Amino acid sequence: DTIRQVSREFPINKITSKETRSKIQYLKKCLLKYRKITGVGRGIAAIQVGIPERFAVIYRPEEKENLLVIINPRITNTSRKILKFPEACMSEGPIFAPVVRPSWIEFEYYDEKGRKQMWNTKDLDLQSRVHNRVFQHEIDHMDGVIFLDKAVLKELTLESDPKYYDRAKFEEVT
């Protein structure tokens, strides 16, 4: 099963190549098309479209450049505070399930221009909590892990309403 495959590190010296730009553009196009069709979708990892390399595209609607590419992310720190929040996945259909994760992570990554970057935004507000969750979800994909592996399975929900997340609340887990 391709979705369970661990993605390989991306060669840093090839990040700005024509072939890589093409793969990144394809992944961006897939995410935007999915969003247009469904009204949802915050991120997509390359492995989800059959490219077993460590990169993903994240949709951040509040930013002018609203598609962020993360290449070879490496988590360097995680919050001790744990939150439960429903997640879904493009690869899993209309299934929502609460997933328990650290409220924030810090990670290093390369952007699509080959520059090393650092994500270290804490869980200051709803937007930053969502971003931290999406990053963890996509990094899991790169490690061959799907959200159902971490889900509270007895709370699975089949849902097709794109406004589902408007009603969802983060819940601290002790």
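Above: the structure in question.
Because the structure is predicted, anything quoted here is derived from the model rather than measured.

Peer 1: Describe the pattern of salt bridges, naming the residues involved and giving the relevant values.
Peer 2: On inspection of all chains with the given rule, the structure shows 19 salt bridges. Notably, a salt bridge pairs Arg 8 with Glu 53, separated by 3.8 Å at the nearest N-O pair. Taken together, the residues Arg 8 in the segment before helix 1 (18-38) and Glu 53 in the loop between strand 1 (43-45) and strand 2 (55-59) connect sequence positions 45 residues apart. For Arg 8, a relative accessible area of 48% gives the class partly exposed. A salt bridge links Glu 19 to Lys 23; the shortest N-O distance between them is 3.5 Å. Within this pair, Glu 19 and its partner Lys 23 are both found in helix 1, separated by 4 residues, close to a single helical turn.

Peer 1: How would you explain the sheet that holds strand 7 (residues 116-119) if you had to name every residue and give the values?
Peer 2: An order of 1-2-3-6-7 is seen for the 5 strands of this open sheet, with the pairing classed as antiparallel. A strand with exactly one partner marks an edge of an open sheet, and here the two such strands are strand 1 and strand 7. On average, each strand axis in the sheet is inclined to that of its neighbour by 35 degrees, with strand direction left out of account. Pairing geometry for strand 2 and strand 3 (residues 67-78), over 5 bridges, is antiparallel. Residue pairing across strands places Tyr 59 opposite Leu 67, the latter belonging to strand 3. The strands touched by helix 1 are strand 1, strand 2 and strand 3; relative to strand 2, the strand with the most contacts, the crossing angle is about 40 degrees.

Peer 1: Outline helix 1, listing residues and values.
Peer 2: For helix 1, spanning 21 residues, the distance from its first C-alpha to its last is 30 Å, which sits close to the expected 30 Å at 1.5 Å a residue. Within helix 1 the residues assigned to the buried category are Thr 20, Lys 23, Ile 24, Leu 27, Lys 28 and Leu 31. Relative to the axis of helix 1, the buried residues are bounded by an arc of 135 degrees and lie together on one face. Turned more than 90 degrees from where helix 1 packs its buried face, Lys 18, Glu 19, Lys 29, Lys 33, Lys 36 and Ile 37 sit exposed. Where helix 1 is buried, its residues touch strand 1, strand 2 and strand 3. Immediately downstream of helix 1, the backbone of Gly 39 shows phi near 85 degrees, a positive value.

Rules behind the numbers
- Residues numbered from 1 in each chain as written.
- Predicted model: local features only at pLDDT ≥ 70, side-chain atom pairs only at ≥ 80, totals over all residues.
- Heavy atoms only, no water.
- Salt bridge = Lys/Arg side-chain N within 4 Å of Asp/Glu carboxyl O.
- Helix = DSSP H or I, 4+ residues; strand = E, 2+ residues; numbered from the N terminus.
- Buried < 20%, exposed > 50% of the residue type's maximum accessible area, 1.4 Å probe, protein only.
- Pairing = 2+ DSSP bridges.
- Axes fitted to C-alpha atoms, helices over the stretch in contact; angles between N-to-C directions.
- Contact = heavy atoms within 4.5 Å.
- Expected span 1.5 Å × (residues − 1).
- Arc of directions from axis to C-beta.

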